[in-house]
Amino acid sequence: MTTVSLTVNGRAVTAAIDPRTLLVQFLRENLRLTGTHVGCDTSQCGACVVHLDGKAVKSCTTLAVAVDGSSVTTIEGLASGDALHPMQEAFREHHGLQCGFCTPGMIMSAVDMVNRRGHHLDEKTIREDLDGNICRCTGYHNIVKAIAAGAEAMGRAGAPLRQAAE
Amino acid sequence: MYAFTYHKPTSARQAATLLAKKEDAKLLAGGHTLLPTMKQRLAAPSALVDLGACADLKGIAVKGRNVVIGAMTTHAEVAASPEVQAAIPALAYLAGHIGDPHVRHRGTIGGSVANNDPAADYPAALLALGATVVTNKRKLSAEEFFTGLYETALDEGEIVTRVSFPVVSRAGYAKFRNPASRYAMVGVFVAKRGGEVRVAVTGAGEGGVFRWPEAEAALKARFAVKSLDGLKHTADGINGDIHADPEYRAHLIGVMAKQAVAQATGK
């Protein structure tokens, strides 16, 4: 057993774990944050995407012990109280899901996309950057629409916050 | 996966010491090949030596006419690096097309070259650009380093510390991706350095990455897409699998080579 300390969705957590514990296992089984899903378990489908120190990673291909000291954001960490994150709201508005299994990974990837590329995302960019996320239901069309709209909404939501900070 | 002990050294020297001390230990870089392999129980190291905290293995520097990239530098960092984009844009492009965005946030250049997957992207860049692989013990040319399918010249206990790429006048990379894994079915990297032209092919060879001398000669005469007209690679020694047979892959080598030259010449 080895000790791992992380900040998950802003909360400090420490646990004694087996070194072979994957980050996704730690999130789901130790912390009971079951919003992060295991789909393929072979680093291809992206259902397990979380943010590690602000960057999207596949938590099924990351050892929890290897990211000791890091900050992790999961799908549960996006909304503030009852108010959905603008990207979550966009997925609801544009019906960017059917069964919903891939949705947490899609949304975490979408937010990462905005962090890397800004608020104005064209269809080609979105489709290319969704390379690491597989959806078996939707055919992606509404997911792409949702991400474009969510990115713009994040820009609008972010603007007053930045003004307030200044 | 099977149980292992976990070690996290803070320098390459410490990592080498641990690697020598622990029997059956393996180095962990980005983990995007090793961990899936361990999950499938195809690898069962008794100890993992994680290079993630070795600050001396990270970073990108331009030294004279070379771009030097630390082994633990991620694909995303190489792709986004203004230094790499300015000096060897084709290398930044290649790094930005490995796997998907999440994989690029974890996968590293050192891990990729040490694994020498026959369908990995970096080996083509190293071979075409005439890069030097620096280890904790010595320096090896790309030709000396890549020795076969998943095989390199690395000795037991030897660690890749950085890769040094000479800046070339023109370079381009094109790959035909496997749509599921995003690995190269065929990837071709072309580079022109002074009067020398190199064409390196990944994804296609039964023995891993290789050079295509006929294309190099044709491009040396004139570095243009047209020079490759009518040039066909043989299907002998080319991989065949459920994704593509050897003839199809051989054909793709010609197509990807032309696209790479087009990228290199801006046409």
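Residues numbered from 1 in each chain as written. Chains lettered and ligands numbered in written order. Predicted model: local features only at pLDDT ≥ 70, side-chain atom pairs only at ≥ 80, totals over all residues. Heavy atoms only, no water.

Colleague: Hey, could you run me through the overall build of chain A in this one?
Modeller: Assigned secondary structure in chain A consists of five helices and five strands. Written out in order from the N terminus, the α and β elements of chain A read β-β-α-β-β-β-α-α-α-α. Relative to the 2.2 N^0.38 estimate, which gives 15 Å for 166 residues, the radius of gyration of chain A is 16 Å and therefore close to what a compact globule would have. A buried classification covers 50% of the 166 residues belonging to chain A. As displayed, chain A offers around 7,700 Å² of accessible surface, 49% of which is attributable to carbon and sulfur atoms. Each charge sign in chain A was given a centre, from 15 positive and 17 negative side chains, and these centres are 3 Å apart. (Helix = DSSP H or I, 4+ residues; strand = E, 2+ residues; numbered from the N terminus. Rg over C-alpha atoms; globule rule 2.2 N^0.38 Å. Buried < 20%, exposed > 50% of the residue type's maximum accessible area, 1.4 Å probe, protein only. Areas by Shrake-Rupley, 256 points an atom, 1.4 Å probe, with all protein chains shown as cover. Lys, Arg positive; Asp, Glu negative; His and termini not counted. Charge placed at Lys NZ, Arg CZ, Asp CG, Glu CD.)

Colleague: I tried to follow the environment of T74(A) on my own but got confused; where do I start?
Modeller: Residue and element names in this part refer to chain A. Locating T74 in the fold gives a position in the loop between β5 (71-73) and α2 (86-93). Sequence separation of T74 and H119 is 45 residues, and the distance between their C-alpha atoms is 21 Å. With residues near it in sequence (within four places) discarded, T74 still touches V8, N9, L27, L33, T36, V50 and M108. Looking at T74, its side chain comes within polar contact range of the side chain of E76, at 2.6 Å. (Contact = heavy atoms within 4.5 Å. Polar contact = N/O pair within 3.5 Å; in protein donor to acceptor, adjacent residues only side chain to side chain.)

Colleague: Would you mind showing me how to read the sheet that holds strand β11 (residues 170-177) of chain B here?
Modeller: The strands making up a sheet associate through hydrogen bonds between their backbones, and the pairing can be parallel or antiparallel. Residues and elements named next belong to chain B. As summarised here, the arrangement of the four strands in space is β11-β12-β13-β14, forming an open sheet in which the pairing is antiparallel. Strands at the two margins of the open sheet, each flanked by one partner only, are β11 and β14 (210-211). Note: β11 against strand β12 (residues 184-193), eight bridges, orientation antiparallel. Across the sheet, the residue bridging to G172 is V190, located in β12. Those strands touched by helix α11 (residues 246-265) are β11, β12, β13 (196-202) and β14, and its axis lies near 140° from that of β11. (Pairing = 2+ DSSP bridges. Axes fitted to C-alpha atoms, helices over the stretch in contact; angles between N-to-C directions.)

Colleague: What is the right way to look at the domain arrangement of chain A in this model?
Modeller: Residues and elements named next belong to chain A. Partitioning chain A into structural domains gives domain 1 (2-77) and domain 2 (86-165). Of note, the centres of domain 1 and domain 2, computed from C-alpha atoms alone, are 21 Å apart. In this assembly, 17 residues from domain 1 lie in contact with 14 residues from domain 2. With both chains or domains summed, domain 1 and domain 2 bury close to 1,200 Å², and 61% of this area falls on carbon and sulfur atoms. (Domains from an automatic or database assignment. Buried area = accessible area lost by both parts, 1.4 Å probe.)

Colleague: Sorry, what's going on with the domain arrangement of chain B here?
Modeller: A common way to state how big an interface is: give the accessible area lost once the parts meet. Residues and elements named next belong to chain B. When its domains are assigned, chain B resolves into domain 1 (5-50), domain 2 (55-166) and domain 3 (170-265). Relative to domain 3, the C-alpha centre of domain 2 lies at a distance of 19 Å. Every contact between the two is made by 25 residues of domain 2 and, on the other side, 24 residues of domain 3. Across the domain 2 to domain 3 interface the summed buried area is about 2,000 Å²; carbon plus sulfur atoms make up 61%.

Colleague: Explain the nonpolar core to me, please; I cannot follow it from the model alone.
Modeller: As a rule of thumb, soluble globular proteins bury nonpolar side chains together. Ranked by size, the top nonpolar core spans 41 residues in total, and within it L91(B), Y122(B), L126(B), L129(B), F165(B) and F189(B) carry the most contacts. The dominant element in this core, judged by the number of residues it contributes, is helix α8 (residues 122-129) of chain B, at seven residues. Residue-level mapping places this core at the junction of two domains, with at least three residues from each of domain 2 (55-166) and domain 3 (170-265) of chain B. Setting aside residues up to four positions removed in sequence, L126(B) forms contacts with V113(B), A131(B), V133(B), A142(B), F146(B), V163(B) and F165(B). Counting residues in each nonpolar core, the second largest holds 24 residues, with M108(A), I126(A), C135(A) and M154(A) among its members. (Core = buried A, V, L, I, M, F, W, Y, C linked by side-chain atoms within 4.5 Å.)

Colleague: Looking at this model, I keep getting lost on the interface of chain A and chain B. Mind explaining?
Modeller: Contact residues are listed per partner, giving 26 residues for chain A and 27 residues for chain B. A combined buried area of about 2,200 Å² lies between chain A and chain B, and 57% of that area is made up of carbon and sulfur atoms. Contact with chain B buries surface across chain A, with R20(A), T61(A) and D131(A) losing the most and accounting together for 27% of the total. Inspection of the region where chain A meets chain B yields three salt bridges. (Salt bridge = Lys/Arg side-chain N within 4 Å of Asp/Glu carboxyl O.)

Colleague: When you look at the side chain of S109(A) in this model, what are you seeing that I'm missing?
Modeller: Tracing the backbone shows S109(A) in helix α3 (residues 103-117). The exposure class assigned to S109(A) is buried, which follows from its relative accessible area of 1%. Those residues within four positions of S109(A) in sequence are excluded, and the remaining contacts are V49(A), N133(A) and H102(B).

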